[in-house]
Amino acid sequence: MGNCIDRADALVLAHYYAPDVVQAAADFVGDSFALAQRAVASDKPVIVFCGVSFMGESAKILCPEKQVYLPAPDAHCPMADMATEEEIAAMRASVPDLAVVVYVNSSARLKSHADVVVTSANAVKVVSRLKEKNIYFIPDKNLGAFVAAQLPEKNFYFGHGCCPIHNATTADEARAALAAHPGALLLSHAECPAAVRAMSAFVGSTAGMIAYAEGSDAKEFVIATEAGTLYELSRRCPEKKFYPTRTDFLCADMKKITPEAVENVFAGNGIPVEVEAPVADRARRALRRMLELAQ
Ligand code: 13P
Ligand code: SF4
């Protein structure tokens, strides 16, 4: 057991998919882009990251001088490993004028082979600013297709990964939810399949969906993303109603983060996130390039 962590020394970050009680106790709740920005801006020596492992790793890579803890170190996004270094090497060898764009939902090792990292909040802007004509977008085929549809001047090659939870929601479910709530608008995460995205009033990141709902005159919304997002939606828009496309729209890994697990970190029982130096150094370049190009 290590030393207890003073709460005053720590910034507690939570993703919108963390359980409601964990979000309620955090210093800042956001999407993966805003959380990375907040980690970089923090002057606290410790970050307690209530998210999945790629989020904690990215914070550690961007802030090597800070101690970063994941309350649930085994909370792992399955998409993080849905591309390989060999696939990247093969593409680099065969396609000229190529940028390798790696979605932040990926292992540190994959990021270390990226020209730039993106999140769902900034992918269109960041890719539009790359000079290369050819874009290899991995691992998420759904987000990749969403970005490609907005950038016809680029030539895209896609990975084969996806979020098993977002990819499982269907247009039939969305239609049924809209039929049950006439007048509601459908808001989707960009990780959803094409048929769901095509029906949506808005497609983007979790923070984008929340901002859209907040700014819209509509009073009811069908939400195609992880159910934890409903907590912030209801908090920000108490007069509006939100319905998920499916009742089990849940990320089991995000739900491993409990208040007890957070307490355990403060009690000195956490294991700091470490990323081996050569991997972290290369991945940092790609993450920092994202922060620059997303400005
Ligand atoms: P955001 O980029 O909206 O935070 O989404 C992250 C994620 O894991 C979506 O499944
Ligand atoms: Fe990964 Fe999907 Fe969970 Fe997001 S919702 S962290 S993409 S498994």
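The preceding data block contains the structure.
Residues numbered from 1 in each chain as written. Chains lettered and ligands numbered in written order. Predicted model: local features only at pLDDT ≥ 70, side-chain atom pairs only at ≥ 80, totals over all residues. Heavy atoms only, no water.

Undergrad: So what's going on with the site of ligand 2? Residues and values would help.
TA: Taken together, Tyr17, Cys77, Pro78, Met79, Asn105, Cys163, Ile165, His166, Glu191 and Cys251 form the complete shell of residues around ligand 2. The class makeup of the residues in the shell around ligand 2 is 7 nonpolar, 2 polar and 1 charged. (Near = heavy atom within 4 Å. Nonpolar A, V, L, I, M, F, W, Y, C, P; charged D, E, K, R; others polar.)

Undergrad: Tell me what's going on with the environment of Ala39, and back it up with residues and numbers.
TA: Structurally, the position occupied by Ala39 is in helix α2 (residues 32-41). Remark: the alpha-carbon pair of Ala39 and Ala90, spanning 51 residues in sequence, is separated by 34 Å. Non-local contacts of Ala39, meaning those with residues more than four positions away in its chain, are made with Leu13, Ile47, Ala59, Cys63 and Lys66. (Helix = DSSP H or I, 4+ residues; strand = E, 2+ residues; numbered from the N terminus. Contact = heavy atoms within 4.5 Å.)

Undergrad: Describe helix α3 (residues 53-62), naming the residues involved and giving the relevant values.
TA: In terms of burial, α3 is largely enclosed, as 9 of its 10 residues are buried. Turning to α3, its buried residues number three or more, namely Ser53, Phe54, Met55, Gly56, Ser58, Ala59, Lys60, Ile61 and Leu62. Structurally, α3 contributes buried residues whose contacts are with β1 (10-15), α2, β3 (46-50), β4 (67-69), α5 (108-111) and α13 (277-293). (Buried < 20%, exposed > 50% of the residue type's maximum accessible area, 1.4 Å probe, protein only.)

Undergrad: So what about the packing of aromatic side chains? Which residues, and what values?
TA: For the structure on display, the rule yields 3 aromatic pairs. Ring geometry for Phe156 and Phe158: centres 5.8 Å apart, planes at 15°, overall stacked. Note on Phe156: relative accessible area 12%, which makes it buried. Overall, Phe158 belongs to the partly exposed group, its relative accessible area being 38%. (Phe/Tyr/Trp six-rings, centres within 6.5 Å; stacked < 30°, edge-to-face > 60°.)

Undergrad: For the sheet that holds strand β10 (residues 202-204), give the residues involved together with the corresponding values.
TA: Strand order across the open sheet formed by 4 strands is β10-β9-β11-β12, with parallel pairing between neighbours. The sheet is open, and its two edges are formed by β10 and β12 (241-244), each paired on a single side. The mean angle between the axes of side-by-side strands here comes to 25°, regardless of whether they run parallel or antiparallel. Of the strand pairs in this sheet, strand β11 (residues 220-224) and β12 are connected by 4 bridges, and their pairing is parallel. Bridge pairing links Glu220 to Lys241 in β12. Together, β9 (185-189), β10, β11 and β12 form the strand contacts of helix α10 (residues 206-215), whose direction differs from that of β9 by roughly 160°. (Pairing = 2+ DSSP bridges. Axes fitted to C-alpha atoms, helices over the stretch in contact; angles between N-to-C directions.)

Undergrad: How would you summarise the environment of Ile271 if you had to cite specific residues and measurements?
TA: Relative to the assigned elements, Ile271 resides in the loop between α12 (259-269) and α13. Taking the C-alpha atoms as reference points, Ile271 and Gly2, separated by 269 residues in sequence, lie 8.8 Å from one another. What Ile271 contacts, discounting residues up to four positions off in sequence, is Val68 and Tyr69.

Undergrad: Explain the sheet that holds strand β6 (residues 116-118) to me, using residue names and the numbers behind them.
TA: In space, the 4 strands of this open sheet follow the order β6-β5-β7-β8, with parallel pairing throughout. Each edge of the open sheet is held by one strand with a lone partner, namely β6 and β8 (155-158). Strand after strand, the sheet turns through a mean of 30° between neighbouring axes, direction not considered. Where strand β5 (residues 98-103) meets strand β7 (residues 134-138), 5 bridges bridge the pair, whose relative direction is parallel. Counted as the bridge partner of Val101 is Phe137 from β7. Of the strands in this sheet, β5, β7 and β8 are in contact with helix α7 (residues 141-150), which crosses β8 at around 175°.

Undergrad: Lay out unusual backbone geometry in plain terms, naming residues and giving numbers.
TA: In this chain, Ile138 is followed by Pro139 through a cis amide linkage whose omega measures -10°. For Pro139, the location among the structural elements is in the loop between β7 and α7.

Undergrad: I'd love a proper account of the site of ligand 1, names of residues and values included.
TA: In the vicinity of ligand 1, the residues found are His15, Tyr17, Asp31, Ser32, Asn105, Ser120, His166, His189, Glu191, Ser205 and Thr206. Thr206 is positioned such that a nitrogen or oxygen atom in its side chain is 2.8 Å from an oxygen atom of ligand 1. Considering ligand 1 on its own, with 300 Å² of exposed area, one finds that the protein chains cover 96% of that surface. Looking at the shell around ligand 1, its residues break down into 1 nonpolar, 8 polar and 2 charged. (Polar contact = N/O pair within 3.5 Å; in protein donor to acceptor, adjacent residues only side chain to side chain. Areas by Shrake-Rupley, 256 points an atom, 1.4 Å probe, with all protein chains shown as cover.)

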